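Examining the three-dimensional arrangement
The primary structure of each chain is shown beneath.
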Amino acid sequence: MKQPIKKYIGKSVACLAFAASLLIGSATCGAYETRIHCSEDTLKIGQLLKPLAESTASLGDRIVMAAHMLEGVPLGQPSDNDSVGTIVVNLHEFDRMGFANTVLALAETSRQKLPVVKEYERQYESYSRRKGEDDGFASQLIYVSDWIVDNVYRGHLKDMTEYLGGGGFKTKTLDHLTRHRDDYPAMKNSDTYDKVRMMEMGYRSHRIPHMKKQSASNKPFHELLRNGDIIVMLSNEIDFDLYDIGFVEMKDGEPYLIHISHTDGKVVADPFPLSRLFKIEGQHFYGYRWLRPQE
């Protein structure tokens, strides 16, 4: 979820100059352009894709590999909160949804015939924008509930949340964006604001399925989990539907999470198993969703 706006300062003048040139002449994605934050990120994407593309592993195992490669990247502000909602490829910092989209885009790109930077941009757009098409700020899948609905519909994800049963639903109205219009430069445009408002109308009194936190300790649940599965912790706060999101890594039959740690403020392979992590963080979320990326 979006936090108060904070400008990101690049590491060098050359880096910023490169980013500015790409803003003008980068590869087109849909109606808008993808902008790479700086030349370091172009090189980094290539470096990350090489071992992933050489792997013969499943999508889930590639997801775990990609998530580990991003360990240490700090939590930051969303990179695409500008006056139009430009997609920005930025590996220097992530918000939580940016981390999830980056991992999935890297893993999926590595399975393509041409696992190159332009293909990564296309995959990132596909996961992070409504219908997989960049149409400016209003097309961003900012709410995790919206992100799940859209990516499940398009076959990227399967919602496993109700698979075991015993969960429930929480009714929540998602209207943070229009109630905090001044925090989002793109929403100064009345057309963009109206598009976002129309989207949010679909999430009034939205019934969010979830599993109980206690179920994370169940052995039958562990036996069903796979590497690369996604765990979404659902926020208690009225303004947000996301507390945390991460990728499952199975170790000796026990699930662990690779995520942006609230304690460390960066991407980590959490040292605690999922059940223990839920007990530590439990006061901040009411339940969780379980998703599986589709081959």
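Our subject is the structure that appears above.
These numbers come from a predicted model, not from an experiment.

The rules behind each value
- Residues numbered from 1 in each chain as written.
- Predicted model: local features only at pLDDT ≥ 70, side-chain atom pairs only at ≥ 80, totals over all residues.
- Heavy atoms only, no water.
- Pairing = 2+ DSSP bridges.
- Helix = DSSP H or I, 4+ residues; strand = E, 2+ residues; numbered from the N terminus.
- Axes fitted to C-alpha atoms, helices over the stretch in contact; angles between N-to-C directions.
- Contact = heavy atoms within 4.5 Å.
- Salt bridge = Lys/Arg side-chain N within 4 Å of Asp/Glu carboxyl O.
- Buried < 20%, exposed > 50% of the residue type's maximum accessible area, 1.4 Å probe, protein only.
- Phe/Tyr/Trp six-rings, centres within 6.5 Å; stacked < 30°, edge-to-face > 60°.
- Parallel < 35°, antiparallel > 145°, perpendicular 65-115°, else oblique.
- Left-handed = near helix turned anticlockwise from the far one by under 90°.
- Nonpolar A, V, L, I, M, F, W, Y, C, P; charged D, E, K, R; others polar.

Description of the sheet that holds strand β8 (residues 244–251)
Reading across from one edge, β4-β11-β7-β8-β9-β10 is the order of the six strands in this open sheet, with antiparallel pairing throughout. With partners counted over all chains shown, the strands left at the sheet margins are β4 (157–159) and β10 (267–273), one partner each. Going across the sheet, the axis of each strand differs from the next one's by a mean of 35 degrees, ignoring polarity. Along the sheet face, helix α6 (residues 144–153) touches β4, β7 (230–235), β8 and β11 (285–293) and points at about 110 degrees away from the line of β4. Contacting β7, β9 (254–260), β10 and β11, helix α10 (residues 274–281) runs over the sheet at an angle of about 100 degrees to β10.

Quick look at the pattern of salt bridges
Summed over all chains, the structure comprises 15 salt bridges. E108 is paired through a salt bridge with R111; the nearest N and O atoms lie 3.1 Å apart. Given a relative accessible area of 12%, E108 falls into the buried group. Since its relative accessible area comes to 33%, R111 is described here as partly exposed. Where R292 meets D229, a salt bridge forms, and the shortest distance between an N and an O atom there is 2.8 Å.

What to know about the packing of aromatic side chains
All told, the structure shown has 10 aromatic pairs when counted by the stated rule. Ring geometry for F221 against W290: centres 5.1 Å apart, planes inclined by 85 degrees, an arrangement best described as edge-to-face. Residue F221 is found in helix α9 (residues 219–224), and its partner W290 is found in strand β11; the two are separated by 69 residues along the sequence. In this pair, the class of F221 matches that of W290, namely buried.

Quick look at the packing of helix α2 (residues 39–54) against helix α3 (residues 59–69)
Geometrically, a packed helix pair is captured by the angle between its two axes and the distance between the axes. Following both chains from N to C, one finds α2 and α3 inclined at 155 degrees, their axes separated by 10 Å at the closest point. Relative to α3, the element α2 lies roughly antiparallel. The interaxial crossing formed by α2 with α3 has right-handed handedness. In this structure, α2 uses L48, P51, L52 and A53 to contact α3, whose residues at the interface are R62, M65, A66 and M69. In terms of residue class, the contact of α2 with α3 is made up of seven nonpolar, no polar and one charged.

Quick word on the packing of helix α4 (residues 96–109) against helix α5 (residues 117–128)
Interaxial distance between α4 and α5 falls to 8 Å at its minimum, and their mutual angle equals 130 degrees. When the interaxial angle is binned, α4 and α5 end up oblique. Judged by the twist between their axes, the crossing of α4 over α5 is right-handed. For the pair formed by α4 and α5, the contact residues are G98, N101, T102, L104, A105, L106, E108 and T109 on the first element and E119, Y120, Q123, Y124, Y127 and S128 on the second. Partitioning the contact of α4 with α5 into residue classes produces six nonpolar, six polar and two charged.

Keep in mind these numbers describe shape, not what the thing actually does.
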